[in-house]
Amino acid sequence: MENTWVYQGSEPIKIKKYLQSLGMGHRLFNDLKNGEGEFLVDHRQVRPTTQILPHQPLTVKAQPEPADESVAVSNEPLNIVYEDNNWLVIDKPAGVSSIPGPTISNGTVLNRVKGYLLSSGSADLRPHLITRLDRFTGGILLVAKHHIASSMISQQVQQHKMIKEYMALVGGSLTDKHGEINKPIARREGKIARVIAKDGQRALTEYWVEKQGDNWTQVRVRLHTGRTHQIRVHFASIGHPLIGDHLYGGDTSKYDHQLLHASKISFMDPFTLKQLTFTSAMPAEFN
């Protein structure tokens, strides 16, 4: 696997500093420097301490990642919204898990992506899920096809620069057309459900009311933090649990899973330096 950038700065810069400005982590740079890759400037191999001049091309080559043998191969279908050498954007249906777990060892998005990469003849066979969705939450999910991409997008994830929006149906009528829920979320040992607690991690959810019915509200939600079950916990905490969400007290008379859909993801591609945005239409039950 290799990627090339053309340095657009006005002053010379060391390779490490330039790659870090694009998002590359310290650990990955050291791995590449210590034998797992090589650096080329103007198509000539150079030392990692080399400085790049304005408008010079830098190419980073990395050894392919072998498959994780503990992850089973699945040939079940994937709804691929977008693909290039670095990314796969998947539209995940509700009911499919993101990764294997104690009760599901195959058929997850990770298993299916591994099978897809194998059938495509990819040299890199260890995909990295950058975003994950609960089993019964469908919608847009981002996968890095190799560890370079995973490393270079991690800064955007950690700093919450990646835009992630969801559509949800919650019970009752929300008074405010736009609002924020800023409550810390904690986990409790032996429990699946998260709780609002002072000792929890900071969690911030922003929402806009899109439609309202007799006893329901459709909201567009943007996450400013990424806690487990964040949307579900937050709306339950203000008395409006998601419809179908049995874990947090939602109305399950018509639906047996939460009506939550990952509708949009937008991020700066560290390879092309262009903003990429992908959307997913709401499932039929939302109507």
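From a predicted model like this one, the values you see are computed outputs, not experimental measurements.

Peer 1: Can you walk me through the overall build of the protein in this structure?
Peer 2: Check the secondary structure of the protein and you find five helices and 18 strands. In terms of its C-alpha atoms, the protein occupies a principal-axis envelope of roughly 65 × 40 × 35 Å. Across the 287 residues in the protein, those meeting the buried criterion constitute 48%. Contacts spanning at least 24 positions in sequence make up 63% of the contacts within the protein whose residues lie at least 6 apart. Element-wise, carbon and sulfur atoms account for 47% of the exposed surface of the protein, whose accessible area totals about 14500 Å².

Peer 1: Whenever I open this one, the pairing of strand β3 (residues 37-41) confuses me. Can you help?
Peer 2: Across a regular strand the side chains alternate sides, sitting on one face of the sheet and then on the other. Here β3 pairs with strand β6 (residues 57-62) via five bridges, running antiparallel. Across the sheet, residue Val41 finds its bridge partner in β6, namely Leu58. Strand direction decides the pairing type here: β3 and strand β4 (residues 44-46), joined by three bridges, are antiparallel. Bridging from a neighbouring strand, Val41 pairs with Arg44 of β4.

Peer 1: I keep staring at the pattern of salt bridges and nothing clicks. Help me out?
Peer 2: Side-chain pairing between opposite charges can occur once the charged atoms of the two side chains come close. A complete count under the given rule lists nine salt bridges for this structure. Linking Glu165 and Arg220 is a salt bridge whose minimum nitrogen-to-oxygen distance equals 3.2 Å. Pair noted here: Glu165 is in strand β11 (residues 163-171) and Arg220 is in strand β16 (residues 216-223), with a separation of 55 residues, a long-range link. Residue classification places Glu165 among the buried positions, given a relative accessible area of 5%. Because the salt bridges share partners, they merge into one network encompassing Glu165, Glu210, Arg220 and Arg222.

Peer 1: Honestly, the domain arrangement of the protein in this entry has me stumped. Any pointers?
Peer 2: If you check the domain split of the protein, you get domain 1 (2-62), domain 2 (64-159) and domain 3 (164-262). Taken over both partners, the interface formed by domain 1 and domain 2 buries close to 790 Å², and the fraction arising from carbon and sulfur atoms is 59%. For the pair domain 1 and domain 2, the number of links is zero salt bridges. In this assembly, domain 1 and domain 2 are joined by two residue pairs in polar contact (both at pLDDT 80 or more). Secondary structure elements with two or more residues in the side of domain 1 that touches domain 2: β1 (2-6), α1 (15-22) and α2 (26-36). Among the residues making up the side of domain 1 that touches domain 2, the classes are represented as seven nonpolar, four polar and no charged.

Peer 1: How should the UniProt feature "active site" (unreviewed entry) in the protein be read in this particular structure?
Peer 2: In this numbering, the UniProt entry assigns the feature "active site" (unreviewed entry) to Asp134. As for its placement among the helices and strands, Asp134 is situated in the loop between β9 (128-129) and β10 (138-144). With relative accessibility at 25%, the residue Asp134 sits in the partly exposed group. Here Asp134 is in contact with Lys92, His229, Arg232 and Gln258, once residues within four sequence places are set aside.

Peer 1: Even after reading the chapter, I still don't get the UniProt feature "domain: Pseudouridine synthase RsuA/RluA-like" (unreviewed entry) in the protein, so can you show me in this structure?
Peer 2: Mapped onto the present numbering, the UniProt feature "domain: Pseudouridine synthase RsuA/RluA-like" (unreviewed entry) falls at residues 86-237. End-to-end, the C-alpha atoms of residues 86-237 are 39 Å apart, and along that stretch the chain is 20% helix and 33% strand.

Peer 1: Help me understand the side chain of Thr59 in this model?
Peer 2: You can see Thr59 is positioned in strand β6. At 2.7 Å, the side chain of Thr59 forms a polar contact with the side chain of Thr4. If sequence neighbours within four positions are ignored, Thr59 has contacts with Glu2, Asn3, Thr4, Glu38, Phe39 and Leu40.

Peer 1: In this structure, what is going on with the environment of Ser74? I would like to understand it.
Peer 2: Inspection of the secondary structure puts Ser74 in the loop between β6 and β7 (80-83). Along the chain, Ser74 and Phe267 lie 193 residues apart, while their C-alpha atoms are 28 Å from each other. Apart from residues lying up to four places away in sequence, Ser74 is in contact with Asn106, Gly107, Asn111, Arg112 and Gly115. Engagement of the side chain of Ser74 in a polar contact is seen with the backbone nitrogen of Glu76, the distance being 3.2 Å.

Peer 1: Just to check I follow, could you spell out the environment of Ile13 for this structure?
Peer 2: Looking at the secondary structure, you find Ile13 in strand β2 (residues 13-14). It is 62 Å that separates the C-alpha atoms of Ile13 and Ser253, two residues lying 240 residues apart in sequence. Once residues within four sequence positions are removed from consideration, Ile13 is found in contact with Tyr7, Tyr18, Thr50, Gln51 and Ile52.

Peer 1: What is the right way to read the nonpolar core from this model?
Peer 2: A general tendency of soluble globular proteins is for nonpolar side chains to be buried together. Within the largest apolar cluster, 34 residues are counted, with the highest numbers of intra-cluster contacts made by Ile15, Leu19, Phe39, Leu58 and Trp87. Domain assignment of the residues forming this core places at least three in each of domain 1 (2-62) and domain 2 (64-159). Once you skip the residues sitting within four places of it in the chain, Phe39 turns out to touch Ile15, Leu19, Phe29, Leu32, Lys33, Arg44, Gln45, Val46, Pro48, Leu58, Thr59 and Val60. In terms of nonpolar packing, the next biggest core, distinct from the first, is built from 29 residues, Leu88, Ile181, Val219 and Leu260 among them.

Reading guide: rules and limits
Residues numbered from 1 in each chain as written. Predicted model: local features only at pLDDT ≥ 70, side-chain atom pairs only at ≥ 80, totals over all residues. Heavy atoms only, no water. Helix = DSSP H or I, 4+ residues; strand = E, 2+ residues; numbered from the N terminus. Buried < 20%, exposed > 50% of the residue type's maximum accessible area, 1.4 Å probe, protein only. Contact = heavy atoms within 4.5 Å. Areas by Shrake-Rupley, 256 points an atom, 1.4 Å probe, with all protein chains shown as cover. Pairing = 2+ DSSP bridges. Salt bridge = Lys/Arg side-chain N within 4 Å of Asp/Glu carboxyl O. Domains from an automatic or database assignment. Buried area = accessible area lost by both parts, 1.4 Å probe. Polar contact = N/O pair within 3.5 Å; in protein donor to acceptor, adjacent residues only side chain to side chain. Nonpolar A, V, L, I, M, F, W, Y, C, P; charged D, E, K, R; others polar. UniProt positions renumbered as here; feature names shortened; annotations may be inferred. Core = buried A, V, L, I, M, F, W, Y, C linked by side-chain atoms within 4.5 Å.

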